[in-house]
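The chain contents come next:
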Amino acid sequence: MRPTPSLLLSAVALAGSLTVAACDSKGAASGDSAKNPLVGNPAPPFSLDPLANSKSKVATKALTGKVVLVDFWATWCEPCKKSFPKLQELSVKYKVSGFEILAVSEDDDDSGIDKKIVSFAESNGAKFPVAWDKDKAIAQKYNPATMPSSFLIDRKGVVRFAHIGYHEGEELELDKEIKDLLDEK
């Protein structure tokens, strides 16, 4: 039996060679928020040049005092295509209340990838800032288990929730978490 590419990627990730594993076709979860080591800790800071929907740097420090969702994704990730419109709906709903989304692409560096990232964001309805983690430095800090992986950060800069993979209806849970964090003073 010949191993599938997904199985090979998982084996490499387990060996410690990669910080990001490929998403499976269902965006299956690999754990819950309570088990993620970032939950309850300060969010690792980062700053990236935007590729779309922002003229200023995509930076966590500039968003202190806001509730922030850092979403790791890739253009090859089918579940990411489903999650982007849902994230855009949440962005529209809560932006005026102090909610921001930072979408961080984990695509590999290949010819024209910056254009592919912008095209993906446009075709999937994203109006929130989109950046590219070209050298995977941000992924090394957050260690997303799969694509997509999202980290919800409170106004004080603490990671409060982690969402690994995409699951139908997950936006309802995210909606509640965002609302609860926005209500905190």
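Residues numbered from 1 in each chain as written. Predicted model: local features only at pLDDT ≥ 70, side-chain atom pairs only at ≥ 80, totals over all residues. Heavy atoms only, no water.

## Describing the pattern of salt bridges
- With the rule as written, the count across this model stands at 13 salt bridges.
- With a shortest N-O distance of 3.9 Å, K86 and E171 are connected by a salt bridge. Residue K86 is found in helix α2 (residues 78-94), and its partner E171 is found in helix α5 (residues 170-183); the two are separated by 85 residues along the sequence.
- Between D175 and K93 there is a salt bridge, and its shortest N-O distance comes to 2.8 Å. Note that D175 is positioned in helix α5 and K93 in helix α2, a separation of 82 residues in sequence.
- Where salt bridges share partners, they join K66, K95 and E100 into one cluster. (Salt bridge = Lys/Arg side-chain N within 4 Å of Asp/Glu carboxyl O. Helix = DSSP H or I, 4+ residues; strand = E, 2+ residues; numbered from the N terminus.)

## Looking at the nonpolar core
- The biggest cluster of nonpolar side chains holds 47 residues, and the ones touching the most others in it are F46, F99 and Y142.
- With 6 residues, strand β4 (residues 67-73) is the single largest residue contributor to this core.
- Among all residues touching Y142, those that are not within four sequence positions of it are L38, A43, P44, F46, T60, V70, F72, F151 and I153. (Core = buried A, V, L, I, M, F, W, Y, C linked by side-chain atoms within 4.5 Å. Buried < 20%, exposed > 50% of the residue type's maximum accessible area, 1.4 Å probe, protein only. Contact = heavy atoms within 4.5 Å.)

## Describing the packing of aromatic side chains
- By the definition in use, this model includes 8 aromatic pairs.
- Each ring, one from W73 and one from F84, has its centre 4.8 Å from the other, and the planes form 65 degrees; the classification is edge-to-face. Of this pair, W73 sits in strand β4 while F84 sits in helix α2, placing them 11 residues apart in sequence. Of the two residues examined, W73 and F84, each falls in the buried class.
- Ring geometry for W73 and F120: centres 4.7 Å apart, planes at 20 degrees, overall stacked. Here the residue W73 occupies a position in strand β4, and F120 occupies one in helix α3 (residues 113-123), the gap between them amounting to 47 residues. Each of the two residues, W73 as well as F120, counts as buried.
- Pairwise contacts between aromatic rings join F46, F72, Y142 and F151 into one cluster. (Phe/Tyr/Trp six-rings, centres within 6.5 Å; stacked < 30°, edge-to-face > 60°.)

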